[in-house]
Amino acid sequence: MPEASTPARIALTVGPVLYWWPKPALMDFYAGIADSRADAVVLGETVCSRRHEVKLADWLALARELRAAGKDVILASQALVMSEAELRSVRDLVEQAEFAVEAGDVSAVQLLAQRRRAHGDSRPFVLGPHINVYSREALQEYAAAGAGRWVAPAELALDAIAAVNPAHAPVRGVAGDLATEVWAFGRLPLSFSARCFTARHHHLHKDSCEFRCRDDADGLLLRSGEGQPFLSLNGTQIQSAGVQALIGEAGMLRQAGVSRIRLSPCSRGFAEVLDLFEGVYNQGAAADDALASLRGMDLPGALIHGFAHRQPGMQLAPDSP
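Residue numbers restart at each chain and count upward from 1, following the sequence in its written direction. In view of the model being predicted, local features appear only for residues whose pLDDT reaches at least 70, and side-chain atom pairs are presented and counted only at 80 or more, with totals across whole chains, interfaces and linings using the full set of residues. Values shown for side chains rest on all heavy atoms present in the structure; no hydrogens or waters enter the calculation.

1. Observations concerning the packing of aromatic side chains
We call Phe, Tyr and Trp rings a pair once their centres come within 6.5 Å, taking the six-membered ring for Trp, and we label the pair stacked below 30 degrees between planes, edge-to-face above 60, and tilted otherwise. Per the counting criterion, the structure on display carries 7 aromatic pairs. On the numbers, 5.1 Å between centres and 85 degrees between planes, the contact of Trp20 with Phe211 is edge-to-face. One end of the pair, Trp20, is in the loop between strand E1 (11-14) and helix H1 (23-34); the other, Phe211, is in the loop between helix H7 (197-201) and strand E10 (220-223), and 191 residues separate them in sequence. Whether a residue is buried, partly exposed or exposed follows from its accessible area with a 1.4 Å probe, protein chains only, as a fraction of its type maximum: under 20%, in between, or over 50%, in that order. Residue Trp20 is classed as buried on the basis of its relative accessible area of 8%. For Phe211, a relative accessible area of 23% gives the class partly exposed. With centroids separated by 5.8 Å and ring planes inclined at 35 degrees, the aromatic side chains of Phe277 and Tyr281 adopt a geometry described as tilted. Placement of both Phe277 and Tyr281 in helix H9 (residues 270-282) is noted, with a separation of 4 residues, approximately one turn of the helix. Clustering of aromatic rings is evident, with ring pairs tying together Trp21, Phe29, Tyr30, Phe185, Phe270, Phe277 and Tyr281. Only runs of H or I of at least four residues qualify as helices and only runs of E of at least two qualify as strands under DSSP, and these elements are numbered from the N terminus.

2. Some points on the packing of H9 against helix H10 (residues 287-295)
Orientation is described by axes fitted as lines to C-alpha atoms, over the contacting stretch for helices, and by angles from 0 to 180 degrees between their N-to-C directions. Where H9 contacts H10, the axes come no closer than 9 Å and their chain directions differ by 170 degrees. Taken as axis vectors, H9 and H10 run roughly antiparallel relative to one another. Between H9, through Glu272, Val273, Leu276, Phe277 and Val280, and H10, the contact on the second element is made entirely by Ala287, Ala290, Ser293 and Leu294. Charged residues are taken to be Asp, Glu, Lys and Arg, nonpolar residues to be Ala, Val, Leu, Ile, Met, Phe, Trp, Tyr, Cys and Pro, and polar residues to be all remaining types, Gly included. Class assignment for the residues of the contact of H9 with H10 results in 7 nonpolar, 1 polar and 1 charged. Oblique is the label for any angle not under 35 degrees, not over 145, and not in the 65 to 115 range, which are roughly parallel, roughly antiparallel and roughly perpendicular in turn. When checking whether two residues touch, look at their non-hydrogen atoms; a contact exists if any pair is within 4.5 Å.

3. Observations concerning unusual backbone geometry
Phi angles above zero are rare outside glycine, and His203 is one such case at about 60 degrees. For His203, the position within the fold is in the loop between H7 and E10. Even without being glycine, Glu210 reaches a positive phi, approximately 60 degrees. Relative to the helices and strands, Glu210 resides in the loop between H7 and E10.

4. What about the pattern of salt bridges?
Any Lys or Arg side-chain nitrogen located within 4 Å of an Asp or Glu carboxyl oxygen qualifies as a salt bridge. Inspection of the entire model under this criterion finds 19 salt bridges. A salt bridge links Arg149 to Glu181; the nearest nitrogen and oxygen atoms lie 3.8 Å apart. One end of the pair, Arg149, is in strand E6 (residues 147-151); the other, Glu181, is in strand E9 (residues 179-192), with 32 residues separating them in the sequence.

5. Here we look at H9
Every α-helix winds through 3.6 residues per turn, so residues three or four apart in the chain are directed the same way. Multiplying one less than the number of residues by 1.5 Å gives the expected span of a helix. For H9, built from 13 residues, the straight-helix expectation of 18 Å at 1.5 Å per residue is met to within 8% by its first-to-last C-alpha distance of 18 Å. Looking only at H9, the buried set comprises Phe270, Val273, Leu274, Leu276, Phe277, Glu278, Gly279, Val280 and Tyr281. Buried-residue contacts for H9 involve E1, H1, E9, helix H8 (250-255), strand E13 (258-263) and H10. Once H9 ends, the next one or two residues include Gly284, with phi positive near 80 degrees.

Functional significance is not addressed by these values, which are geometric in nature.
What follows is the structure in structure tokens.
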């Protein structure tokens, strides 16, 4: 009998750090990522422009180092653009010619499409997870504008992702079939606001926030009236209290046409998280064992997987995948 074919590799993407870590800690983190099994790294400040300790020149220098280490590097724009200064930052990101850009919002998409038309820029861009794409027609429209990869919204179920960009008939992009990436690990991004939730928690105004989010390496946990973990505050962003962990869904993701997974950084144990996902998704390791290992780690919250299965997002991942 012919040997069964080896499943195609699912690439591991390290998403942008969503929290304000001190610059030395951030650089130490990426030094570890350079030596990891990650295939791609997304860099940049995507949450709040007041977190400006790391400048564009710093991100570019770091991107070059990671590229030299063999990583595919993407520079991400902010998810909520609210001022001309923030729009200028998006323009600066779009105008650099060294690295692909992940569009955090539609203003970035528009600027990238304009650059493509004006300068014949052949680089496809990445549609970030905060751009609402819920139909094949919408994805086709973004593909025509120059998108080459799609990070599905975190709340989209796997069967819906398969309907938008199915494995048997993927949307055609400017450089080939559009790749689908799914948020497989990390606190889920739920919403953004012009207000700063962390500042409000500390009875401060956004413009005089004292940068209190620097004290919360994985966000600030918010509990319900009954004392149960409910949400997490991260400056202008609201996240889930639980940690998405699709460690047991590798087969389902492949059937849905997913070729990449996104692992969102946390402050503790992330190198082990990367190794566990690499083992299960690409090396045949047992998902049960990996899930048990995740449960034994000091992660920011309980493991959840509801959205992927058309259930409430905070639904806990089962003991056995």
